Amino acid sequence: MASSAQSGGPSGGPAVPTVQRGIVKMVLSGCAIIVRGQPRGGPPPERQINLSNIRAGNLARRAAATQPDGKDTPDEPWAFPAREFLRKKLIGKEVCFTIENKTQQGREYGLIYLGKDTNGENIAESLVADGLAARREGVRANTPEQNRLAECEEQAKAAKKGMWSEGSGAHTIRDLKYTIENPRHFVDSHHQKPVNAIIEHVRDGSVVRALLLPDYYLVTVMLSGIKCPTFRREADGSETPEPFAAEAKFFTESRLLQRDVQIILESCHNQNILGTILHPNGNITELLLKEGFARCVDWSIAVYTRGAEKLRAAERFAKERRLRIWRDYVAPTANLDQKDKQFVAKVNVTVDYIRPASPATETIPAFSERTCATVTIGGINIAEALVSKGLATVIRYRQDDDQRSSHYDELLAAEARAIKNGKGLHSKKEVPIHRVADISGDTQKAKQFLPFLQRAGRSEAVVEYVFSGSRLKLYLPKETCLITFLLAGIECPRGARNLPGLVQEGEPFSEEATLFTKELVLQREVEVEVESMDKAGNFIGWLHMDGANLSVLLVEHALSKVHFTAERSSYYKSLLSAEEAAKQKKEKVWAHYEEQPVEEVMPVLEEKERSASYKPVFVTEITDDLHFYVQDVETGTQLEKLMENMRNDITSHPPVEGSYAPRRGDFCIAKFVDGEWYRARVEKVESPTKVHVFYIDYGNREILPPSRLGTLPPAFSTRALPAQATEYAFAFIQVPQDEDARTDAVDSVVRDIQNTQCLLNVEHLSAGCPHVTLQFADSKGDVGLGLVKEGLVMVEVRKEKQFQKVVRAMPRKPPAIASQGTGDRTSSQRGSGDPTTLLLLLGKDNGFGFVGFKKKKKKLITSQINWLRVWLRMQLQTRAESFPAPMPPCDRLKSAARPGMERVSPTFLPPPLSLPFQHAAPESRATSQCHLRARKHRATTPLPGCLESPQGLELAKCCPIQVSALGSPSLPSNRTREPRCRTAVQD
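So, how was this worked out
Residues numbered from 1 in each chain as written. Predicted model: local features only at pLDDT ≥ 70, side-chain atom pairs only at ≥ 80, totals over all residues. Heavy atoms only, no water. Helix = DSSP H or I, 4+ residues; strand = E, 2+ residues; numbered from the N terminus. Contact = heavy atoms within 4.5 Å. Areas by Shrake-Rupley, 256 points an atom, 1.4 Å probe, with all protein chains shown as cover. Polar contact = N/O pair within 3.5 Å; in protein donor to acceptor, adjacent residues only side chain to side chain. Phe/Tyr/Trp six-rings, centres within 6.5 Å; stacked < 30°, edge-to-face > 60°. Buried < 20%, exposed > 50% of the residue type's maximum accessible area, 1.4 Å probe, protein only. Patch = residues over 30% accessible without salt bridge, like charges linked within 9 Å, V, L, I, M, F, W, Y side chains within 5 Å. Salt bridge = Lys/Arg side-chain N within 4 Å of Asp/Glu carboxyl O. Expected span 1.5 Å × (residues − 1). Bend = angle between axes of the 7 residues up to and from the residue. Pairing = 2+ DSSP bridges. Axes fitted to C-alpha atoms, helices over the stretch in contact; angles between N-to-C directions. Core = buried A, V, L, I, M, F, W, Y, C linked by side-chain atoms within 4.5 Å. Domains from an automatic or database assignment. Arc of directions from axis to C-beta.

(A) Spatial organisation of the overall build of the protein chain. What the protein chain contains, in helices and strands, is 23 helices and 51 strands. If you take every contact in the protein chain between residues at least 6 apart in sequence, the share linking residues at least 24 apart comes to 63%. For the protein chain, the computed accessible surface area is about 55100 Å², with 51% contributed by carbon and sulfur atoms.

Encoded structure:
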């Protein structure tokens, strides 16, 4: 603080008080001020000076927050006018003062003169002369200063000024309001018009306490759009300033404290009001930014009413010069040429920045480089339009992140308007429910939708997303569902995949194929034909855009190849011609294509013949859908050696229980029920205690706790030895759709070939797995052919010429069944019926019998083996459980047991066996399907104690059924293998 000492009169005379100078920072009351010195490298020192010999009224004080029972103290009469008198006269002015007295508490009293010396206006005398202060009682010194104060007081009393006027002075007491009940309504009521105010306190550079006039609201105002460094309050109550916090506070204090200003109330945040403070000398918000004392903040810049671009420009000015808080600022490097930042393609696109690629972490997958731009059409910013209608929200960035939209402030302002008006997702109304079934990857739902989509033919759809060149996500408006759609008939390059912890690179030209599909169909209306679905619940079919087949277009542009599954399609010829044209161009996927020599193509006819090259394999697992896993016999020794080494390594370095965290797709080691460790792959993590694993060398699956899993040592990974279990399916046969029939077929295959060595020949490939024929290693008998002969499966119709010889060699109908009746049989009677209802009659006298079968379909399939199998199943069941206990589930066999029938336990089945049923000799087609009254019959060789039962006859009369001509079935012995779960009966 500047000061000067005056030496005064002759030697030995009274000491002359030291005259000091300063600038008035703040007026505390009518008799106290705070003065400061000139700033030198930081905020200057301050001193509080109290006027001596006079007293003014005390201003109002709010009760302390720590005293809940405390009450607010109002103004004393004429206290506020005295404060205002000094504020208007002294704030920001240079004064000089002398200290006359200093108390033990450090309070200083003295005389204050306006100006640079004591010849200026005496502030105490001016207050007393205007009746705003009075001389202190008890001070009666006979000095020139006291005499002038007494004269001024007498003149004020005579003129009835101020406190000496008539009345109590109640009109000078302010009605201060410290809180506002509804800040939002209070702000909106002023309609963003300037409000007169006095800045009473500066908390930091961007937060002040203002007295709004003329209603005397004392409110906290935060400057909209900016934030200055603050003072951090510690646990002990002390405050620690952030860098440049004190400088920013002094910058605001020196310009606004106790000045008359105007405030535009723009919004509110809790009980604090956001606003802009206008001073005759300028806008403090822009000045703080320009001087590097503040930074723009996104959350409040949207409500700034005087142009957010001015704030951004002021901040940019400070950044470029690295002022104060920007002293360590490093501008982002330009990663795009200026000429490439703006281009026109049906819409105007302005590239704002390019987000660099980010590496993968444990929880966040990797992201490739992304170009972020502002898109306008017809002068309308698409992003701003979406945000203003409440259909999108604005992303919030870190304060130090400058990579954002060039119209970011407009987006924030649009969002603020949408929130205020309650539009779109900001509305308080109930959100309308749009039910869309997302069946992507849901196998069960996909199976339910598949028949509807197949029958619908061409369906309208909208392409929602393009995963790769041949994989899309579609929205079907008619079915209101989202599906994952795979283009049929082509093989497109596989694209890159982002997985936690790694990035799987894509195949060549995968990005070109994806870009081609995106440009052609993304967000457009298309037509799709659904043909089938895969195991993952993805639909497979054809997609048409403006009459063009997307699969054909991809092949034409050499971005995909024709897949063998297209052979059955009506688009096969178009695909082949497109592929031939692409091959001739030798572009993209066909860049390295070399046409085969003529001599190698000459034997065309030989390619139509089936090639049989059987190799020895070991069958390790049979699945419920009649697929099976095999191991190659040639690599068996390698597997045994690897398993032995791996188990030795695990024994020496056992895995720590609980240290392995399973994730889907990971290769691991799993402890089987035999206590040994095997290589496996995690298929699903159902819960913390249930993990689905697949043993990659054997083909079986199991659910294990994580404690029985461990990390697969790198030395024994699939790179050292690939997974040995390979999945295959039987060729030329159809798996039964009926659950019981399929179970019987699976049981037969398990009994015959599991854990045995067989011979395998690959016949053809399919989308799921290769289809093969399998032979027994010893007898060379075909396993699939045996299933057909047993009546367990049906023959699959194949159109390929090379397979016709094999398919025709398989029996298409079961052997004829000799009739027990008399007369010739018609063609319909020679066929066998599809048994859907079999009634077993059991009486009290242990009688038994069959009644006929109901014919359900025109195409009837039943063999002697299946007839006998049903009969034997009944016999085996009656041995295990007595009637009328429930029998095992079977859609062909229904027990006719009723209350009143006693339990029966046949002990043997004597040969020769014949169905215990007779009917009249049919004379026409009608009689072969007529309703017959079932009669009680015995077997050709009756069981001991078998007598006719009236109860059985009575029951049979109530069950009219349709029958085919049936006779005595016999069981041919076509293999010497003994079935595990079935009884072999010789004729």
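(B) Here's a closer look at the environment of Arg 404. In this fold, Arg 404 is placed in the loop between helix H9 (382-388) and helix H10 (408-421). Those residues in contact with Arg 404 that lie beyond four places of it in its chain are Asp 298, Arg 312, Asp 352, Tyr 353, Tyr 397 and Arg 398. A distance of 2.5 Å separates a polar atom in the side chain of Arg 404 from a polar atom in the side chain of Asp 298.

(C) Just the packing of aromatic side chains, in detail. All chains considered together, the criterion is met by 14 aromatic pairs. Both rings, one in Trp 542 and one in Tyr 571, keep their centres 4.8 Å apart while their planes meet at 50 degrees; by these two values the pair is tilted. In this pair, Trp 542 sits in strand E32 (residues 539-545) while Tyr 571 sits in the loop between strand E34 (561-562) and helix H14 (572-585), placing the two residues 29 residues apart along the sequence. Residue Trp 542 shares its accessibility class with Tyr 571, and that shared class is buried.

(D) Quick peek at a nonpolar patch on the surface. Together, Ile 377, Ile 382, Leu 386 and Leu 391 make up a nonpolar patch on the protein surface, roughly 340 Å² of accessible area in all. Of note, Leu 386 is situated in helix H9. On the basis of relative accessible area, Leu 386 is assigned to the partly exposed category, the value being 38%.

(E) Molecular detail of the pattern of salt bridges. Following the criterion strictly, the structure yields 36 salt bridges and no others. Arg 321 is the partner of Glu 320 in a salt bridge, and the nearest nitrogen-oxygen pair spans 3.8 Å. Of the residues examined, Glu 320 reaches a relative accessible area of 60% and is grouped as exposed. Asp 438 is the salt-bridge partner of Lys 473, the closest N and O atoms lying 3.7 Å from each other. One end of the pair, Lys 473, is in strand E26 (residues 471-476); the other, Asp 438, is in strand E24 (residues 437-438), with 35 residues separating them in the sequence. Overall, Asp 438 belongs to the partly exposed group, its relative accessible area being 38%. Where salt bridges share partners, they join Arg 83, Glu 84, Arg 87, Glu 200 and Asp 260 into one cluster.

(F) Spatial organisation of helix H11 (residues 443-456). Look at H11: 20 Å from first C-alpha to last across 14 residues, which is about the 20 Å you get at 1.5 Å a residue. The principal kink in H11, of about 35 degrees, is found at Phe 449, preceding the proline Pro 451 by one to four residues. The inward-facing, buried residues of H11 abut E26, strand E31 (525-533) and E32. Gly 457 occupies a position one or two residues after H11 and carries a positive phi of about 70 degrees.

(G) Quick peek at the sheet that holds strand E42 (residues 726-730). Read around the closed barrel, 5 strands run E35-E36-E42-E45-E44, paired in mixed fashion. For this sheet, the mean inter-axis angle between neighbouring strands, taken without regard to orientation, is 60 degrees. Sheet analysis places E42 next to strand E45 (residues 771-776), joined by 2 bridges and oriented parallel. Looking at the pairing, Phe 730 lines up with Val 772 of E45.

(H) Inspection of the pairing of strand E44 (residues 757-764) at higher detail. Across the 8 residues of E44, 6 count as buried, placing the element largely inside the fold. With 6 bridges joining them, E44 and E45 adopt antiparallel strand pairing. Its bridge partner lying in E45, Cys 758 is registered against Phe 776. Count of turn residues in the E44/E45 antiparallel hairpin: 6 residues.

(I) Representation of the sheet that holds strand E39 (residues 690-695) within the structure. Taken in spatial order, the 5 strands make up an open sheet running E40-E39-E38-E37-E41, and their pairing is antiparallel. On the outer flanks of this sheet lie strand E40 (701-704) and strand E41 (709-711), each paired with one strand and no other. With strand direction ignored, the average angle separating the axes of adjacent strands in the sheet is 45 degrees. Inspection of the sheet shows strand E38 (residues 677-687) paired to E39 by 6 bridges, in the antiparallel sense. Counted as the bridge partner of Ala 680 is Tyr 695 from E39. Sitting on the sheet, helix H17 (residues 636-652) touches strand E37 (667-671) and E38, and the angle it makes with E38 is about 70 degrees.

(J) Quick peek at the environment of Cys 268. Turning to its location among the elements, Cys 268 is positioned in strand E16 (residues 260-269). Once the C-alpha coordinates of Cys 268 and Val 303 are considered, the two residues, 35 residues apart in sequence, prove to be 9.7 Å apart. Cys 268 has contacts with Pro 183, Arg 184, Val 187, Ile 273 and Leu 274, leaving out every residue within four places of it along the chain.

(K) Here's a closer look at the nonpolar core. Counting 47 residues, the largest nonpolar core has Ile 199, Leu 212, Ile 263, Leu 265, Ile 277 and Leu 288 as the members making the most contacts within it. Residue assignment places this core across two domains, with domain 2 (183-326) and domain 3 (347-426) each supplying three or more. Setting aside chain neighbours within four positions, we find Ile 263 in contact with Lys 193, Pro 194, Val 195, Ala 197, Ile 199, Ala 210, Leu 212, Val 221, Thr 276 and Ile 277.

(L) Here's a closer look at the side chain of Thr 517. Examined against the element boundaries, Thr 517 turns out to sit in helix H12 (residues 510-521). Setting aside residues no more than four positions away along its own chain, Thr 517 makes contact with Val 466, Ser 468, Gly 469, Leu 472, Leu 522, Leu 550 and Leu 554.

(M) Looking closely at unusual backbone geometry. Leu 213 connects to Pro 214 through a cis peptide bond whose omega is 5 degrees. In this structure, Pro 214 sits in the loop between strand E11 (207-212) and strand E12 (217-223). You will see that Arg 324, though not glycine, has its phi angle at about 50 degrees, which is positive. For Arg 324, the position within the fold is in the loop between helix H8 (308-321) and strand E20 (342-345). For Arg 324, a relative accessible area of 31% puts it in the partly exposed group. In this structure, Lys 588 is a non-glycine residue whose phi angle is positive, near 55 degrees. Along the chain, the position of Lys 588 falls in the loop between H14 and helix H15 (598-601). Lys 588 sits in the partly exposed class, given a relative accessible area of 31%.

(N) Examining H8 more closely. Taking 1.5 Å of rise per residue, 14 residues should cover 20 Å, and H8 covers 20 Å from first to last C-alpha, within 8% of that figure. Where H8 is concerned, the buried positions are Ala 308, Leu 311, Arg 312, Ala 314, Glu 315, Ala 318 and Lys 319. Down the axis, H8 shows its buried residues gathered within 160 degrees of arc, on one side only. Of the residues in H8, the exposed ones pointing more than 90 degrees away from the buried face are Glu 309 and Glu 320. Arg 322 occupies a position one or two residues after H8 and carries a positive phi of about 50 degrees.

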